[in-house]
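As a plain string of letters, each chain reads:
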Amino acid sequence: MSDTLAVAVPPARKLGPRSRWSFGLGSIAYGIKDGGFGTFLLLYYNQVIGLPAAKVGLAIMGALVVEAFVDPLVGWLSDHTRSRWGRRHPWMYASALPVAIGWLLLWNPPHWAPDALLLYLFGSALLVRIALSMFEIPSSALGPELSSDYDERTKLFAYRYLFGWGGGLMMLFLAYVVFLRPDATHANGFTNAAGYSAMAAFGAVVMALSIVLSSIGLHHEIDRLPRAPEGRDTLLGHLRLFGRTVWNKGFLVLMAAGLSAYTAQGISFALSNYNYQFVWRLSGGDYIWLPLALMVGAGGSFFIAPRLTRGGNKAQVAAWLSVGNVCFLTLPYLLRFAGVFPDPNTPLLLPLLLLCFACNTACGVAAFALGAAMLSDVVEESETRTGVRSEGVFFAGGFFVQKLCGGLGIFGAGQIIAWSAFPQAAKVGTVPLAVIDRMNWWYVAAMALFYGGGALFYAFFPFGRAEHEARLRQAAVRIDSAMEGVIP
């Protein structure tokens, strides 16, 4: 076929520590980006720069939607790159500098009129996200290329999500403890514009380093990876292949689950600092414990995901983990409405809140890691039907949906703030209780709807371990027959 990529099934091998750690390391950049976009960007442009929350959410969503349509092109270019460094590494290395530049621009806006600032936000956000796609899509596509082993893929993406969350939570910790802490001129550290600028400079360096070091750490795998075949593949042919990919049942189920879960995550991240400040009244040293508790949860997911799926099916485990995710996430708010959760500034509030957040994070991150591992397994399922495999196409499709949803999540958070009539430049203790209650009711409803939907879709994933391993055996028979000159 002229419009497809036919590559051999990779061996079902166990990878060494260097490859596993390097595969995970690059996602630090993605974690910092996700943490910045999801947790601080809406707050910064709304409460510090002074732009309306709904318009900020719309500008960020617009950047994510445009970027989502660029991702299939990035996947095609990655699949078709021919170089002495293979298909993926040229893109991975090239992304580091533009990611760092875009990140600096995003958090250092000029003193322009509001409408011009919204356009600046849109443009700088788009630059960051497209530049990071140049790394994340080729790098993630290495997952199914490095090994076809069912359990090894779970471990690989457990590393990836551990490092991704670790990077995001490292920046969260530094934001609360170093960059955005209260000082003599800022009683509320979240309003310190200079702190955001310093945080951006540090983040830009870490993002670029993680990308380069991950690429170097996987460089020794290049000779094992499939090369782009010779041929006259075209972008139009790739788009036809992308269309067939979208109609793969396993892919559709995973994308529906991702649509739900990533929308929920986007809303949750964007509203987190509003909840921390105005609902739970966290202050000072409370913020030191928060990222540590979340890191305990993310670290727990690294052990939970491979162990719960050992000998079992990823989809069933991911569905139950998603249920646990929404239960732990909404429990403090439901108990608050019932009047039985500790009041702010009482001794029991923080430890109970941190326990719920750690458990919620462990379940959520483990479910996301299993979803990524299942997407790798879909590669072989699609190959049995179409006769081709194209990892870049699948992961571009996955990021296409993820970024659409991330934009929807931030947009949804902006709408919740607007529907709640939440004031701009609000001070802790001055926001009416009715406004906070409205915001939390919308929040709980959104979490139950979207995370619950993710659990439901995971339950409909069409195959598991047995079917995957049977396909690998069939592929091995075809390869052996072809080597013997026998038509399968």
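The notes below deal with the structure included here. Throughout this description, residue numbers start from 1 for each chain and increase along the sequence as written. For a predicted model such as this one, the threshold for reporting local features is a pLDDT of at least 70, and the threshold for listing and counting side-chain atom pairs is 80 or more; totals across whole chains, interfaces and linings nevertheless cover every residue. No hydrogens and no water enter the side-chain calculation; it runs on all heavy atoms of the structure.

**A few points about the packing of helix 3 (residues 53-80) against helix 6 (residues 114-146)**
For helices, the fitted line uses only the C-alpha atoms of the stretch in contact; every axis is such a line through C-alpha atoms, and the angle between N-to-C directions lies from 0 to 180 degrees. Note on conventions: DSSP H or I runs of at least 4 residues are helices, E runs of at least 2 residues are strands, and numbering of each starts at the N terminus. Axis separation between helix 3 and helix 6 bottoms out at 8 Å; the angle between their running directions is 30 degrees. With respect to each other, helix 3 and helix 6 are oriented roughly parallel. As for the relative orientation of helix 3 and helix 6, their crossing is right-handed in sense. Partitioned by chemical class, the residues of the contact of helix 3 with helix 6 number 17 nonpolar, four polar and four charged. Angle categories are assigned with fixed cut-offs, so that under 35 degrees is roughly parallel, over 145 is roughly antiparallel, 65 to 115 is roughly perpendicular, and the rest are oblique. In this scheme the crossing of two helices becomes right-handed for a clockwise turn of the near helix relative to the far one and left-handed for an anticlockwise turn of less than a right angle. Three residue categories are used. Nonpolar comprises Ala, Val, Leu, Ile, Met, Phe, Trp, Tyr, Cys and Pro, charged comprises Asp, Glu, Lys and Arg, and polar comprises the others, including Gly.

**Focus: the nonpolar core**
Formed by 140 residues in total, the largest nonpolar core has its most connected members in F40 and W103. With 18 residues, the single largest contributor to this core is helix 13 (residues 349-386). We call two residues contacting when some pair of their heavy atoms lies within 4.5 Å. Sequence-distant contacts of W103, defined by excluding residues within four places in its chain, comprise I32, K33, G36, F37, V128, A200, G203, A204 and M207. Take the buried residues of types Ala, Val, Leu, Ile, Met, Phe, Trp, Tyr and Cys, join any two whose side-chain atoms come within 4.5 Å, and each joined set is a nonpolar core. Note on classification: 1.4 Å probe, protein chains only; a residue is buried when its accessible area is under 20% of the maximum for its type, exposed when over 50%, partly exposed between these limits.

**Overview of a nonpolar patch on the surface**
In this scheme, patches are assembled from residues that exceed 30% relative accessible area and form no salt bridge. Like charges are connected within 9 Å, while nonpolar side chains (Val, Leu, Ile, Met, Phe, Trp, Tyr) are connected within 5 Å. Exposure was quantified through the Shrake-Rupley algorithm and a 1.4 Å probe, taking into account, for residues, occlusion by the shown protein chains and nothing else. Salt bridges are defined by distance alone: a side-chain nitrogen of Lys or Arg within 4 Å of a carboxyl oxygen of Asp or Glu. On the surface, a nonpolar cluster with roughly 350 Å² of combined accessible area is contributed by L97, I101, L105 and L127. For L105, a relative accessible area of 38% gives the class partly exposed.

**Considering the packing of aromatic side chains**
Stacked, tilted and edge-to-face are the three classes applied to pairs of Phe, Tyr and Trp rings, where Trp contributes its six-membered ring and a pair requires centres within 6.5 Å; stacked means planes under 30 degrees apart, edge-to-face means over 60, and tilted covers the rest. Following the criterion strictly, the structure yields 30 aromatic pairs and no others. Residues F40 and Y176 carry aromatic rings whose centres are separated by 6.1 Å and whose planes lie at 65 degrees to one another, so their mutual orientation is edge-to-face. Within this pair, whereas F40 is found in helix 2 (residues 27-48), its partner Y176 is found in helix 7 (residues 150-179), the two being separated by 136 residues in sequence. For the pair shown, F40 and Y176 are each scored as buried. Their ring planes at 75 degrees and their centres at 5.5 Å tell us that F190 and Y287 sit as a pair that is edge-to-face. One end of the pair, F190, is in the loop between helix 7 and helix 8 (193-217); the other, Y287, is in helix 11 (residues 286-308), and 97 residues separate them in sequence. Pair check on accessibility: F190 and Y287 agree, each one buried. Within the aromatic cluster, the residues linked to one another by ring pairs are F37, F40, Y44, Y45, W103, W107, Y176, F190, Y196 and Y287. Distance and angle both matter: a charge sits over a ring if NZ of Lys or CZ of Arg is within 6 Å of the ring centre and within 35 degrees of the ring normal. When the ring centre of Y30 is taken as reference, the NZ or CZ atom of K33 above it lies at 3.8 Å.

**Points about the environment of P109**
Assignment of secondary structure puts P109 in the loop between helix 5 (96-106) and helix 6. Since its relative accessible area comes to 15%, P109 is described here as buried. C-alpha separation for the pair P109 and Y45, spaced 64 residues apart in sequence, amounts to 9.5 Å. Not counting residues within four places of it along the chain, the set of residues in contact with P109 comprises Y44, Y45, I49, L117 and Y120.

**Brief notes about helix 2**
Fitting one axis to the seven residues ending at a residue and another to the seven starting there, the bend at that residue is the angle between the two axes. Of all the bends in helix 2, the largest measures some 50 degrees and sits at F40. One or two residues past the end of helix 2 sits G50, with phi positive at roughly 95 degrees.

**Concerning the state of the cysteines**
Cysteine sulfur atoms that pair up within 2.5 Å are treated as a disulfide. This model, assessed by the stated rule, comprises zero disulfides. Just so you know, C359 is unpaired, no disulfide at all, and the nearest cysteine sulfur is the one on C363, 6.9 Å from it. Since its relative accessible area comes to 12%, C363 is described here as buried.

**Brief notes about unusual backbone geometry**
Located in the positive-phi region is N345, a residue other than glycine, with phi close to 70 degrees. Looking at the secondary structure, you find N345 in the loop between helix 12 (314-338) and helix 13. Classification of N345 by relative accessible area gives exposed; the value is 63%.

**Overview of helix 10 (residues 249-279)**
Helix span, as expected, comes to 1.5 Å for every residue beyond the first. Taking 1.5 Å as the rise per residue, helix 10 with 31 residues should run 45 Å; its terminal C-alpha atoms sit 42 Å apart, in good agreement. Its axis deflected by about 45 degrees at L271, helix 10 carries its strongest bend there.

**Digging into the side chain of N192**
By secondary structure assignment, the location of N192 is in the loop between helix 7 and helix 8. Those residues in contact with N192 that lie beyond four places of it in its chain are F179, L180, D183 and H186.

**Re the side chain of T309**
Position of T309 among the secondary structure elements: in the loop between helix 11 and helix 12. For T309, a relative accessible area of 1% gives the class buried. Polar contacts, as used here, are pairs of N or O atoms within 3.5 Å; protein pairs need one atom able to donate a hydrogen and one able to accept it. Residues neighboring in sequence count only if both atoms are side-chain atoms. Within the structure, the side chain of T309 is placed 2.8 Å from the backbone oxygen of A305, a separation counted as a polar contact. Those residues in contact with T309 that lie beyond four places of it in its chain are D151, T154, K314, V317, L370 and R465.

**Observations regarding the environment of G464**
Mapped onto the elements of the fold, G464 is located in the loop between helix 15 (433-458) and helix 16 (465-483). A sequence separation of 149 residues divides G464 from A315, and the C-alpha atoms of the two residues are 7.2 Å apart. Discounting chain neighbours no more than four positions away, the residues touching G464 are Y150 and N313.

**A closer look at the pattern of salt bridges**
Taken as a whole, this structure holds nine salt bridges when the rule is applied. One salt bridge connects R87 with E145, and the closest N-O pair in it is separated by 2.4 Å. With R87 in the loop between helix 3 and helix 4 (89-94) and E145 in helix 6, this pair connects stretches of sequence that are 58 residues apart. Judged by its relative accessible area of 2%, R87 is buried. Its salt-bridge partner being R224, residue E221 comes within 3.7 Å of it at the nearest N-O pair. Residue E221 is classed as buried on the basis of its relative accessible area of 3%.

**Thoughts on the packing of helix 2 against helix 7**
Contact pair helix 2 / helix 7: the axes reach a minimum separation of 7 Å and the direction vectors enclose 50 degrees. In terms of orientation, helix 2 and helix 7 fall into the oblique class. In the packing of helix 2 onto helix 7, the handedness of the crossing is right-handed. In this structure, helix 2 contributes S27, I28, G31, I32, T39 and F40 to the contact, and helix 7 contributes R160, F163, G164, G167, G168, M170, M171, L172, A175 and Y176. The residue inventory of the contact of helix 2 with helix 7, partitioned by class, reads nine nonpolar, six polar and one charged.

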